Amino acid sequence: AFLLNRSSDLLLQALSVRDLFIKQLVQLHGLSVQKAQAIVERYHTPRALMAAYQAEGSAGEKLLANIRYGSLNRLIGPVISRTIHQFYTKPLFS
């Protein structure tokens with residue numbers, strides 16, 4: 001068990017905040033690695049994204065909708081933008 005914990009600790013140390021942010025984002029339904037990378041290019045950390053949400057106020061749900069991703073230059077879109085907004089701004093228990 002100790003060796004398992006030790007190796008996972010080393011793995012986490014090797015990952016940057018950006019890497020962990022991408023890993024967190026792709027856990028959300030509909031979010032590909034390409035979409036997550038495009039978001040993290042603009043907002044390097046969860047803290048930066050949350051600060052942008054605070055600054056936007058009620059328009060925060062649309063904050064990520066116009067970010068382009070991938071070789072086809074597609075938009076993230078309003079549905080995924082709203083999903084991410086809710087994940088980072090809604091209280092856990094409401």
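Our subject is the structure listed above.
Parameters and conventions
- Residues numbered from 1 in each chain as written.
- Predicted model: local features only at pLDDT ≥ 70, side-chain atom pairs only at ≥ 80, totals over all residues.
- Heavy atoms only, no water.
- Phe/Tyr/Trp six-rings, centres within 6.5 Å; stacked < 30°, edge-to-face > 60°.
- Helix = DSSP H or I, 4+ residues; strand = E, 2+ residues; numbered from the N terminus.
- Expected span 1.5 Å × (residues − 1).
- Buried < 20%, exposed > 50% of the residue type's maximum accessible area, 1.4 Å probe, protein only.
- Arc of directions from axis to C-beta.
- Contact = heavy atoms within 4.5 Å.
- Salt bridge = Lys/Arg side-chain N within 4 Å of Asp/Glu carboxyl O.

Novice: Quick one: what's the story with the packing of aromatic side chains, residue by residue and with numbers?
Specialist: A complete count under the given rule lists 2 aromatic pairs for this structure. Summarising the aromatic geometry, the rings of phenylalanine 21 and tyrosine 88 are spaced 6.1 Å apart at their centres and angled 80° between planes, so their arrangement reads as edge-to-face. Here phenylalanine 21 is found in helix α2 (residues 17-25), whereas its partner tyrosine 88 is found in helix α5 (residues 78-89), with 67 residues between them in sequence. With centroids separated by 4.9 Å and ring planes inclined at 90°, the aromatic side chains of phenylalanine 87 and tyrosine 88 adopt a geometry described as edge-to-face. Every member of this aromatic cluster is reached through a ring pair, and the members are Phe21, Phe87 and Tyr88.

Novice: Give a description of α5 that names residues and reports values.
Specialist: Compared with an ideal rise of 1.5 Å per residue, which puts 12 residues at 16 Å, α5 spans 16 Å between its outermost C-alpha atoms and is within 8% of the ideal. Taken residue by residue, α5 has Ile80, Ser81, Ile84, His85 and Tyr88 as its buried positions. Taken down its axis, α5 places every buried residue within 140° of arc, on the same side. Along α5, the residues that are exposed and aim more than 90 degrees away from the buried face are Pro78 and Val79. For α5, the secondary structure elements touched by its buried residues are α2, α3 (33-42) and α4 (46-56).

Novice: Could you give an account of α4, naming the residues involved and the relevant values?
Specialist: Listed as buried for α4 are Leu49, Ala52 and Tyr53. Mapping the buried residues of α4 onto a view down its axis gives an arc of 100°, with all of them on the same face. Within α4, the exposed residues directed more than 90 degrees away from the buried face are Arg47, Gln54 and Ala55. Of the residues flanking the end of α4, it is glycine 57, one or two places downstream, whose phi is positive at about 65°.

Novice: Let's hear about unusual backbone geometry: which residues, and what values?
Specialist: For asparagine 73, which is not glycine, the phi torsion reads 60° and is therefore positive. Topologically, asparagine 73 is positioned in the loop between β1 (68-69) and β2 (74-75).

Novice: Which residues make up the pattern of salt bridges, and what are the values?
Specialist: Evaluation of the coordinates by the stated rule reveals 1 salt bridge. Among the salt bridges present, the one from glutamate 41 reaches arginine 18, with a minimum N-O distance of 3.0 Å. Residue glutamate 41 is found in helix α3, and its partner arginine 18 is found in helix α2; the two are separated by 23 residues along the sequence. For glutamate 41, a relative accessible area of 54% corresponds to the exposed category. When its relative accessible area of 32% is taken as the criterion, arginine 18 is described as partly exposed.

Function-wise, these values are silent; they only describe arrangement.
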